[in-house]
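# Chains, contacts and geometry: an overview
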Amino acid sequence: MSLTATQVSAGTMIGTIGIHYTVGIGFALVWVGIWLGWLFSMFFIAPQLREAGGFTIANFLAERFGTGDGHIRGLAAVFIALIYLVYTTAQYVAGGILLEAVFGLDQFLGVVLVAALALSYTVLGGMLFSVYSDAIQVLTLLVGLVTATTVAVCDVGGVGQLTDSVAAIDQQLVSLTGAPALTLGLALSFGFGIAIAPFEMSRVYAMRDPETVRRAIPLSIGIQSIIAVCIATIGLVARLRFPGLDNPDMAVVKLSLDLFGPLVGGLLLLAVVAGILSTVDSVLLVSSAAISHDLFKKAFPAAGLADPFSDEQGVATITRLVTVAAAVIPVGFTLFSGYLGGLIQLIVALYTSLLAGTLFAPVLAGLYWTEATKSGVISGMGAGIVAVLCWQLLRATESLGDPLVSVDPVVPGLLVSVLAIAVVSWVDL
C-alpha cells in the first residue's frame, strides 16, 4: 500500500483524469508502461538493491564504484534532490487547484498552504509514520474512487450509455489508439522512471527482506489496476458532463462537486489533498536523506572536504534545513509551471524522464556490467540529466518540429546516458 501511495499522486488523481478527459481511454495504456516498469524493477532492480543493503541509491552507487567514494555519491545525491523539486512542483500545482475549488482560495495561496502542511507533516512524522499513513490513505482512496465511479456511471445511465454518449462526442475518446504519440511517450517515461524512482526505493529499503519486495510489487500493481479503471471512467464521465473545460486538470474537481455537492464533494477533494501530502512527505524524506546522509555525512568526508556538520547533531540540522528548502523552492517553480509541461501529468512526466535519464542506466550498469567504471557512471548521470533538460526546453520553446516534438525527453536522455557510460568506461579500460 505504501508503494501505491507514493506512486498514486496528484499526477494520477488529477492529472491522469485530466488527460483521459482530453484524449479518452487510450491513455490507459500508459499503465502498461508503468506496470512493465514495476515488473522490471521486481525482477532486476528492487530486490537486488535491498539485498545490497544501504539506504539510498546514491549509497549503492558509491559502494559499487569505490567504497564510500565522495564524487559519485555526492553527485547522485544532488541530482536526486534537484529532480524531486520538479515532482513536488506538480503536487503543489494540484493542491492549489483543489484548495481554490473547495475554499475559494487564490491558487498560489493554496500552493503555499500545501507546502506548509507538507513540511509540518514530514518534520513531525518520519519514515515509519509515513508508511502507516500511506496504508490508511490508500484504503480511503480506494473506497472513495470506487464509490465516486459507481455514482458517476449510474448518473449517466450505465457503462453502455457512457461509451455511446462519449463516442458521439468523438469516436477517438473510446479508442485505444487515441493520441498514440502522447501515450507511448508517457508510457516510456513513467515505465523507466518508476523502475528506479528513489522515493519508491526508499520503501524498498524499509522492507524486511528481498522476498517481501517481490511480494509487495505485484500486490501494488493489483491495487493500481483498480485505480486505473476508476480514473479512466471518471475522466470519460467528466468529458460527457463538462465538455468545454479550458483546463482539463479541473475535470475531477468539477465532477466531484457536481455529483456530490459542495459538502461531500469538498470532503472527497480534501482526501485527494491528503494523498498529495503523503506523496510530498515521501519526496521530502528522500531529498533530505540524499543531501544530509549521502552528501554531508558521507560524500564530503570521503572526498577529503572538511565538514562542520559531520556529527549527528550537525546531520540533524542539515536534514531540517534541506527539508525546508525542498518544500519551499517548488513554491516558486509553480509560477513557471508552463516550462515544465503545464498540465500536472506532463510535469510529472518530466520528473520521471529526469529520473530515468539520470539514474536508470547507471544503476543497471552498477548491478550487471562489471566493466562499468566510476567515470563512466558519473558521465552517464550528467549527460542524461542535461539531455532531458535540453530536450524539454526545446519542446517548451517550440523549437522542435514534427515529428521530433512528440518524442518524450526520456528517449534522448536514456540514449545519451547509455552512450556516455559505455564510451567513457571503455576508454577507462
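Residues numbered from 1 in each chain as written. Predicted model: local features only at pLDDT ≥ 70, side-chain atom pairs only at ≥ 80, totals over all residues. Heavy atoms only, no water.

On to the overall build of the protein. Looking only at helices and strands, the protein features 17 helices and zero strands. Over its C-alpha trace the protein gives a radius of gyration of 21 Å, about what one expects of a compact globule, namely 22 Å for 429 residues. Each principal axis of the C-alpha atoms in the protein carries an extent, and together these give about 65 × 45 × 45 Å. Evaluated residue by residue, the protein yields a buried proportion of 56% over its 429 residues. In the protein, the proportion of contacts linking residues at least 24 apart, taken out of those at least 6 apart, comes to 83%. In the structure as shown, the protein presents an accessible area of about 16900 Å², 70% of it carried by carbon and sulfur atoms. Charge centroids of the protein, computed over 15 positive and 25 negative side chains, lie 8 Å from each other. (Helix = DSSP H or I, 4+ residues; strand = E, 2+ residues; numbered from the N terminus. Rg over C-alpha atoms; globule rule 2.2 N^0.38 Å. Buried < 20%, exposed > 50% of the residue type's maximum accessible area, 1.4 Å probe, protein only. Contact = heavy atoms within 4.5 Å. Areas by Shrake-Rupley, 256 points an atom, 1.4 Å probe, with all protein chains shown as cover. Lys, Arg positive; Asp, Glu negative; His and termini not counted. Charge placed at Lys NZ, Arg CZ, Asp CG, Glu CD.)

What follows deals with helix H10 (residues 180-194). In this model H10 runs 21 Å from its N-terminal to its C-terminal C-alpha over 15 residues, within 8% of the 21 Å that 1.5 Å per residue would give. Listing the buried residues of H10 in full gives Thr183, Gly185, Leu186, Ala187, Ser189, Phe190, Gly191, Gly193 and Ile194. (Expected span 1.5 Å × (residues − 1).)

Running from N to C, helix H3 (residues 30-44) and helix H12 (residues 210-241) cross one another at 175 degrees; their axes reach a closest spacing of 10 Å. The angle between the axes of H3 and H12 places the two elements in the roughly antiparallel class. Contacts between H3 and H12 involve Trp31, Ile34, Trp35, Trp38, Leu39, Ser41 and Met42 from the first element and Arg214, Ile217, Pro218, Ile221, Gln224, Ser225, Ala228 and Ile231 from the second. Looking at side-chain class alone, the contact of H3 with H12 contains 11 nonpolar, three polar and one charged residues. (Axes fitted to C-alpha atoms, helices over the stretch in contact; angles between N-to-C directions. Parallel < 35°, antiparallel > 145°, perpendicular 65-115°, else oblique. Nonpolar A, V, L, I, M, F, W, Y, C, P; charged D, E, K, R; others polar.)

What follows covers empty space enclosed by the protein. The tally for this structure, following the rule as stated, stands at one cavity of 30 Å³ or more. Counted as a void, the largest cavity has a volume near 230 Å³. In terms of residue count, helix H15 (residues 344-368) provides more of the lining of the largest cavity than any other element does, five residues in total. Residues of the lining of the largest cavity, tallied by class, amount to 12 nonpolar, nine polar and no charged. (1 Å grid on protein atoms, 1.4 Å probe; cavity = no way out; pocket = protein on both sides within 12 Å on 5 of 7 lines; lining within 4 Å. Points joined across faces, edges and corners; volume = space filled by probe spheres on them.)

Time to look at the pattern of salt bridges. All told, the structure shown has three salt bridges when counted by the stated rule. Two residues, Asp258 and Arg241, come together in a salt bridge whose shortest N-O distance is 2.1 Å. Of the two residues, Asp258 is situated in helix H13 (residues 251-302) and Arg241 in helix H12; the sequence distance between them amounts to 17 residues. What you see here is one network of salt bridges that share partners, running through Asp155, Arg241 and Asp258. (Salt bridge = Lys/Arg side-chain N within 4 Å of Asp/Glu carboxyl O.)

Let's shift gears to the side chain of Thr358. Summarising the element assignment, Thr358 is placed in helix H15. Residue classification places Thr358 among the buried residues on the basis of a relative accessible area of 0%. Residues contacting Thr358, with those up to four places away along its chain left out, are Phe79, Ile83, Met381 and Ile385.

Quick look at the packing of aromatic side chains now. Evaluated as defined, the whole model comprises nine aromatic pairs. Centre to centre, the rings of Phe40 and Phe360 are 5.8 Å apart; their planes meet at 35 degrees, and the pair counts as tilted. Taken as a pair, Phe40 in helix H3 and Phe360 in helix H15 lie far apart in primary sequence, 320 residues in all. The exposure class of Phe40 is partly exposed, given its relative accessible area of 29%. Note on Phe360: relative accessible area 8%, which makes it buried. (Phe/Tyr/Trp six-rings, centres within 6.5 Å; stacked < 30°, edge-to-face > 60°.)

The subject of this paragraph is the nonpolar core. Leu61, Tyr84 and Tyr351 are the most contacted members of the largest nonpolar core, which has 128 residues in total. Ranked by the residues each element gives to this core, the list is headed by H13, at 19 residues. (Core = buried A, V, L, I, M, F, W, Y, C linked by side-chain atoms within 4.5 Å.)

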